[in-house]
Amino acid sequence: MEELDKKTTPASGLPLAFHGTAIHAKSADELQILENCFILVGKDGKIQAFQAGVEPDQINSLVSENGYAPDVFPVKHLKRGDFLCPGFVDTHNHAPQWAQRGVGRGISLLDWLNKVTFAHEAKFEDPEYAKRTYASCVAGFLQQGITTASYYGSHHGEATRILADICFEKGQRALVGKCNMNRNAPDWYRDSSVSESLRETHELIQHVHQLDPGFQLVKPIITPRFAISCEPELLDGLGAIAREHPDLPIQTHFNEAKQEIEFTNQLFPEFQTEADLYQKFNLLNGRSILAHCIFLQEEEMRRIQELGCGVAHCPIANTTMQEFMIAPVREYLRRGIKVGLGTDSGGGYSSSILDAMKQAFIVSNAQQTKTEGRDPALSLSECFFLATLGGAQVCGLDDRIGNFAVGKEFDALEIHTLDLDRPGVMCLVEEEDTIDVIFEKFLMTGDDRNIARVYVSGRSVKA
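Residues numbered from 1 in each chain as written. Predicted model: local features only at pLDDT ≥ 70, side-chain atom pairs only at ≥ 80, totals over all residues. Heavy atoms only, no water.

*Asks:* Would you explain the UniProt feature "domain: Amidohydrolase-related" (unreviewed entry) in the protein in this entry?
*Replies:* In the numbering adopted here, UniProt assigns the feature "domain: Amidohydrolase-related" (unreviewed entry) to residues 83-461. Between the first and last C-alpha atoms of residues 83-461 the distance is 18 Å; the span itself is 42% helix and 16% strand. (UniProt positions renumbered as here; feature names shortened; annotations may be inferred. Helix = DSSP H or I, 4+ residues; strand = E, 2+ residues; numbered from the N terminus.)

*Asks:* Would you mind showing me how to read the pairing of strand β17 (residues 451-456) here?
*Replies:* For a regular strand, the rule is simple: side chains alternate between the two faces of the sheet. Inspection of the sheet shows strand β16 (residues 412-416) paired to β17 by 4 bridges, in the antiparallel sense. Bridged to Ala412 within β17 is Tyr455. Pairing of β17 with strand β18 (residues 459-460), which is carried by 2 bridges, proceeds in the antiparallel orientation. In the sheet register, Tyr455 faces β18, and the bridge partner there is Ser460. Where β17 hands over to β18, the hairpin turn is made up of 2 residues, of which Ser457 adopts a positive phi near 50°. (Pairing = 2+ DSSP bridges.)

*Asks:* Help me understand the domain arrangement of the protein in this model?
*Replies:* How big an interface is tends to be stated in terms of accessible area lost as the parts join. According to the domain assignment, the protein consists of domain 1 (16-85 + 403-460) and domain 2 (88-395). Once you take the C-alpha centre of each, domain 1 and domain 2 turn out to be 31 Å apart. Listed per partner, the contact involves 28 residues of domain 1 and 23 residues of domain 2. Taken together, both faces of the contact between domain 1 and domain 2 bury some 2000 Å²; the carbon and sulfur share is 67%. The largest per-residue losses of area from domain 1 upon contact with domain 2 belong to Ala28, Leu443 and Met444, which jointly make up 27% of the total buried on that side. Across the contact surface, domain 1 and domain 2 share 2 salt bridges. Elements with a minimum of two residues in the side of domain 1 that touches domain 2: β1 (16-27), α14 (435-445) and β17. (Domains from an automatic or database assignment. Contact = heavy atoms within 4.5 Å. Buried area = accessible area lost by both parts, 1.4 Å probe. Salt bridge = Lys/Arg side-chain N within 4 Å of Asp/Glu carboxyl O.)

Spelled out as structure tokens, the structure:
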């Protein structure tokens, strides 16, 4: 790809300000719906002021107090039915599966990999195919309000570097990982050796450091696909990289399916649990993003809580492959374990976090029934938390994004529910609807047509 202008890419059109309704989560238990809210975003893309209950005649004085000239400063006034919310965070996403979403329903996980997925991901050996597909992928996620994504690339080093370039160019905040896998895949789709897999991982880290030296937007993530696909020597080498780079996150699939767990036990009989395995190889810590986490044993739950690991909850993939699997998310939240949402597309057929929120709500109702009420269903506000601040916590970014706290970067969605440029099918907003009702209608019936603007660090990034 052409070399990108690192100085001018991150932010443009700043500073900016809004007056209207803002909705964000301060915690899993606290959703704030704030009307007449004033938000000012500074030239650095960070939230400089955030104040509720501001009348229009107070705006100029607030602008002046924050060091800008009143009257000429651009303030966007949101109409009734419009509101701001934090950008969505996708904690588990397979970028090379963008063009195979929904394919391969009704077969087991390992059969799906061998019969559908590996053949598709092998296409990314072609850099031109990678450029076209990843450009569509990143644009598609931004269109749907996913301002941050944790991506698994293919096992190809060059294609994964292309993915990082495209995320940076299009302005999406991203964790990008070269998928490490040197066994239990076809010869034509796996790393040729341990040394080759580790070399390409090092090259990705160096490439992203040159692309975005402070990892302000794009960051490498250490990505063993899962233990099944990695020889012990490869896991050991990835653990060494994790020690060498203590600021880098780690991601893998964890307790995803019974078939996967049984195969892992056969390959690593010396370990009682997957938690034992990953911790032994220095891949289980507070930087770890563990996808799925369906069948955790009691000791594993204690371990991931103590170590501060994050769970990427993928309710669509968990319930639409061959089995209907329920992750005990209420129990994770009860224990204070970090939880965010993942589309897991293409294992999940949808690339929408709104869909993942709805499915998380549905699955939690199933869990409530299954446990005879011991695990109460998630509320919609809790699902919204998982999609925003919860996901930021899982990705280790909650000090920078996830809600509208002053000092955080302005990753946000501008939602319109009335007078749409492209009329959608969201539930009709009626005159008597409060903002609480409008918000619920958006979460349950809205789609990307209601997302009028997408901002990452203050920069408008939706085409």
